[in-house]
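One letter stands for each residue in the lines below.
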Amino acid sequence: MMQQVQSNINESTTTKDTVSGTNESPIIVGLDIGTTKIAVIAGRKNEQGKLEILGFGKASSSGVQHGDVLNIDHTIKSIQQALDNCIKSNPELLIEEVYVGIAGKHIKSLQTRGDIVRQDAEIEIQQKEIDQLIADQRRTFIPASDEIIDVIPQDFKVDNIQNIKDPVGYNGVKVGANFHLITGDKNAIRNINRAVLRSGLHTKDLVLQPLASASAVMSDIDLEAGVVILDIGGGTSDLAIFYEGILKHTAVIPFGGENITHDIRMGLGVLKQQAEALKVQFGCAIADEAKANTFITIPGLKGLPAKEISMRNLAQIIQARMSEILEFISYHIKQIGLDANALNGGIILTGGGSQLKHLIQLTEYVTGLNARIGFPNEHLAPNHIAELKQPMYATCLGLILKGYNDYESKSKDFTKQFKHIQVPTLLKEQIKAEETIIASPTVKNEHAPKLNARFWDKFKNGIIELFKEEDDQIIR
C-alpha cells in the first residue's frame, strides 16, 4: 500500500506517466461508508492524469457507529440512497464494483519482518519474488478474531544493502523487508462486505481510510519531509504518519465530530440537531477567540422560552474535545520513537471535521507541529463543482486513486471494454444551496467589536435545514 500511496502521489505532480486516454481507462468508483455520511464517487483519469468525476452521490449515514457497521439493514438503505443519487447525477453510469474505505476502533497495526533466500542469485530480482515475499506476510500469526486487511512494504534489504525502496533489478542471495500490517475484526469486515454485497455491489478492495485520504491530499514533497495525516471524520479520526518516504504508523482514534456534537448537546442542554448546527455554524476550536459577550438565541421546546447560548461556552466545549483528539497525535508520534522536529511536513488536517474555525491554530499549539488543511484539488480536473474539492471527500477520491494504481500496476483485473462517458454538466457547474441560518448571535455590549463578515459568509453554501419544524418538537 505504501508503494501504492507513493505512486498516486507521484502521479499527481507529473503528467508523463498517464493513461493513454479517457476511452481506454476504466471508471473507478469509491464508496466511503462514514458515521455521518455515505459518499459514492465515480471517476476516470483524463489524458493529463487528472480525475474527471463522472458521478457523485451522497446520503446521510444510518447504522454506522464509530466507523463500524452495526445495523446492516439501515446501512444498506443509506448506501443505496447514495448510489441512486450518484446514478441520478449521470444516468449513463453502470456501477458494479467499488473500492471501499474501512476504519473503526477495531483497526490495529503491527510491524513484521520477512526474508527469502533466492534460488538463483545470478538472475536479477523479479517482481514475482517480491509479490511472494509480501504474500508470505499474510500468514503472520494474529488473533483468531482478526483478519489481515493489508500488507504494506516499508523498506527492503538485499544482502547487505539496506533501505531500498524497490529491489526489482538488484542482484543478491537474500531479500528481506520490513512490513506494516493492518488488521481488523473479522466480524466488522464481514459486516461491511455484507452491506456492500446486499446493496447490489461487489467490493473490489478494502482500503484503510487514512491511507486513501493521504494519497488524495499528500504530495511527494510531504512524503520526503515527513508528515502526519489526520482525517477527522464523524465517528473516528484516522491517523497516518510518514517518515523518510515510508509509512511508519497508522492508527484510528475513536473520537470524531459526533463526539463534539454529543458534548455540545449534553453541555448546553440542546437537541442533537441544534448541537450539530451550532457546531457547524458557530463552532470555534479556541475559546479565547470567541467573544464572551456574544450569544446565540435558539428556539425553546414546547412553549418554553428561547435559550441563549454563549459563544464562549460553545467554544470551550469544542476546544476540550478537539484538544483530546490532537493529544493522541503526540502520543502516537512518541510511540514510534519520533519527535516533532523529525516531521518537517507538519500535520495535514482533512475530513469534514477539519473545517472547524481556528483548528489549525489549536493543532499547532497542542502538537508543536505546523498544520494546514489538506484539499484534494490537485488530483481533480478543473471546472468541477466546489463541493467535490472539500476535505470531507478526500477519502472517496483517494479510493479512486487506489483503484487506478491497481489498474496501472496490473495487480487486479479490470474489464477490457471501457465505456466513454462525458462529465455531466451537473458536476461542472457551481450550484448554490439555499442559505439557512438557525439564529443570529446577539451582542449584549453594543461597544463590543462586531464579528467579521467573512465569518457569516462561511455558512451561506451547503447548510441544510437542520431546524425545520417536525411534529411541533420545536416551537419557533
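Rules of the game
- Residue numbers here run from 1 along each chain, matching the order of that chain's written sequence.
- Reporting of local features is limited, given that this is a predicted model, to residues whose pLDDT is at least 70; pairs of side-chain atoms are given and counted only at 80 or more, and all residues count toward the totals for whole chains, interfaces and linings.
- The basis for the side-chain values is all heavy atoms of the structure; hydrogens and waters are excluded.
- Comment: elements are numbered from the N terminus, with helices defined as DSSP H or I runs of at least four residues and strands as E runs of at least two.
- Three exposure classes are used, based on accessible area relative to the maximum for each residue type with a 1.4 Å probe and protein chains only: buried under 20%, partly exposed in between, and exposed over 50%.
- Contacts are assigned to residue pairs that have any heavy atoms within 4.5 Å of one another.
- We call a set of buried residues a nonpolar core when its members are Ala, Val, Leu, Ile, Met, Phe, Trp, Tyr or Cys and they connect through side-chain atoms within 4.5 Å of each other.
- In this scheme, strands are said to pair when DSSP sees at least two bridges between them.
- The angle between two axes is taken between their N-to-C directions and runs from 0 to 180 degrees, where each axis is a line fitted to C-alpha atoms and a helix contributes only its stretch in contact.
- Roughly parallel here means an angle under 35 degrees, roughly antiparallel means over 145, roughly perpendicular means 65 to 115, and every remaining angle is called oblique.
- Each crossing gets its hand from how the near helix is turned against the far one by less than a right angle, where anticlockwise is left-handed and clockwise is right-handed.
- pLDDT is a per-residue confidence score from the predictor, ranging from 0 to 100.
- Only centres within 6.5 Å qualify two rings of Phe, Tyr or Trp (six-membered ring in Trp) as a pair; their planes then separate them into stacked at under 30 degrees, edge-to-face at over 60, and tilted for everything else.
- Working note: the arc is built from the helix axis to C-beta atom directions.

Chemist: Would you explain the overall build of the protein in this entry?
Modeler: Broken down by element type, the protein carries 12 helices and 19 strands. Per-residue burial for the protein yields a buried fraction of 53% across its 476 residues. Taking contacts inside the protein between residues at least 6 apart in sequence as the whole, the part at least 24 apart equals 72%.

Chemist: How should the nonpolar core be read in this particular structure?
Modeler: Within soluble globular proteins, side chains that are nonpolar tend to cluster in buried spots. One finds L31, I33, I95, I229 and F242 to be the most contacted residues of the largest nonpolar core, which totals 48 residues. Setting aside chain neighbours within four positions, we find I229 in contact with P210, A214, V217, M218, D238, L239, A240, F242, I348 and T350. Ranked by size, the runner-up nonpolar core spans 39 residues in total, among them V228, L239, M322 and I329.

Chemist: Quick question: what am I supposed to make of the sheet that holds strand 2 (residues 37-45) here?
Modeler: Within a beta sheet, neighbouring strands are joined by backbone hydrogen bonds and run either parallel or antiparallel to one another. The five strands are arranged 3-2-1-6-11 in an open sheet whose pairing can be described as mixed. Of all the strands in the sheet, the pair left with one neighbour each is strand 3 (51-60) and strand 11 (202-208). Sheet twist, expressed as the average angle between the axes of neighbouring strands with direction ignored, equals 20 degrees. Note: strand 1 (residues 28-33) against strand 6 (residues 97-102), two bridges, orientation parallel. From the neighbouring strand, G30 faces strand 6, where its bridge partner is Y99. Where helix 2 (residues 72-89) meets the sheet, its contacts fall on strand 1, strand 2 and strand 3, and the angle it forms with strand 3 comes to roughly 140 degrees. In the packing of helix 4 (residues 186-198) onto the sheet, the strands contacted are strand 1, strand 6 and strand 11, and the crossing angle to strand 11 comes to about 140 degrees.

Chemist: Explain unusual backbone geometry to me, please; I cannot follow it from the model alone.
Modeler: Leaving glycine aside, a negative phi is the common case for residues, and trans is the common case for peptide bonds. Even without a glycine there, the phi angle at N163 is positive, about 55 degrees. Mapped onto the secondary structure, N163 falls in strand 9 (residues 161-164). Judged by its relative accessible area of 57%, N163 falls in the exposed class. Not every positive phi belongs to a glycine, and H358 is a case in point at roughly 65 degrees. According to the relative accessible area criterion, H358 is buried, its value standing at 18%.

Chemist: Could you clarify how one ought to interpret the pairing of strand 12 (residues 227-232) in this entry?
Modeler: The side chains of a regular strand alternate between both faces of the sheet. Of all six residues in strand 12, six are buried, a share of seventy percent or more. The alternating pattern of strand 12 places V227, I229 and D231 on one face and V228, L230 and I232 on the opposite face, and all of these are buried. Summarising the sheet, strand 12 and strand 13 (residues 237-243) pair through six bridges and their orientation is antiparallel. In the sheet register, L230 faces strand 13, and the bridge partner there is L239. Connecting strand 12 to the antiparallel partner strand 13 that follows it, the hairpin turn spans four residues. With four bridges joining them, strand 12 and strand 17 (residues 347-350) adopt parallel strand pairing. The partner of L230 across the bridge, within strand 17, is L349.

Chemist: How do you make sense of the packing of helix 9 (residues 311-335) against helix 10 (residues 359-367) when you look at a structure like this?
Modeler: Each pair of packed helices can be summarised by the angle the axes make with each other and by the distance between the axes. Where helix 9 meets helix 10, the closest approach of the two axes is 9 Å, and the angle between their N-to-C directions is 50 degrees. Here helix 10 runs oblique to helix 9, going by the angle between their axes. The way helix 9 lies across helix 10 gives a crossing that is right-handed. Between helix 9 and helix 10, the contacting residues are Q319, M322, S323, L326, E327, I329 and S330 on the first element and L359, L362, T363, V366 and T367 on the second.

Chemist: Just to check I follow, could you spell out the confidence of the model for the protein for this structure?
Modeler: One rule of thumb: low pLDDT means the predicted coordinates there are not for detailed reading. Summary statistics for the protein give a mean pLDDT of 85 and a share of 85% for residues scoring 70 or more. The model gives residues 9-22 a pLDDT under 50, and that stretch makes 30 contacts with residues more than four places away or in other chains. Low confidence marks residues 433-437, where pLDDT is under 50. Its contacts with residues over four positions away, or in another chain, come to 13 contacts.

Chemist: What should I look at first to understand the pairing of strand 11 in this one?
Modeler: Most of strand 11 is tucked away, with six of its seven residues classed as buried. Strand direction decides the pairing type here: strand 6 and strand 11, joined by six bridges, are parallel. Along strand 11, the bridge assignment pairs I102 with L208.

Chemist: Where do I start with the packing of aromatic side chains in this structure?
Modeler: We describe a pair of aromatic rings using the distance from one ring centre to the other and the angle between the two ring planes. Tallying each qualifying case throughout the model produces four aromatic pairs. On the basis of an interplanar angle of 85 degrees and a centroid distance of 5.2 Å, the ring pair of F56 and Y393 is categorised as edge-to-face. Within this pair, whereas F56 is found in strand 3, its partner Y393 is found in the loop between strand 18 (371-373) and helix 11 (394-409), the two being separated by 337 residues in sequence. The pair F56 / Y393 is uniform in exposure class, with both members buried.

Chemist: What exactly am I supposed to notice about helix 3 (residues 127-136) here?
Modeler: Owing to its 3.6 residues per turn, the α-helix aligns residues three or four sequence positions apart on the same side. By the burial criterion, the buried members of helix 3 are E129, I130, L133 and I134. Around the axis of helix 3, the buried residues are gathered within 140 degrees of arc, so they sit on the same side. If you follow the buried residues of helix 3, they end up packed against strand 7 (108-117), strand 8 (146-158) and strand 10 (174-185).

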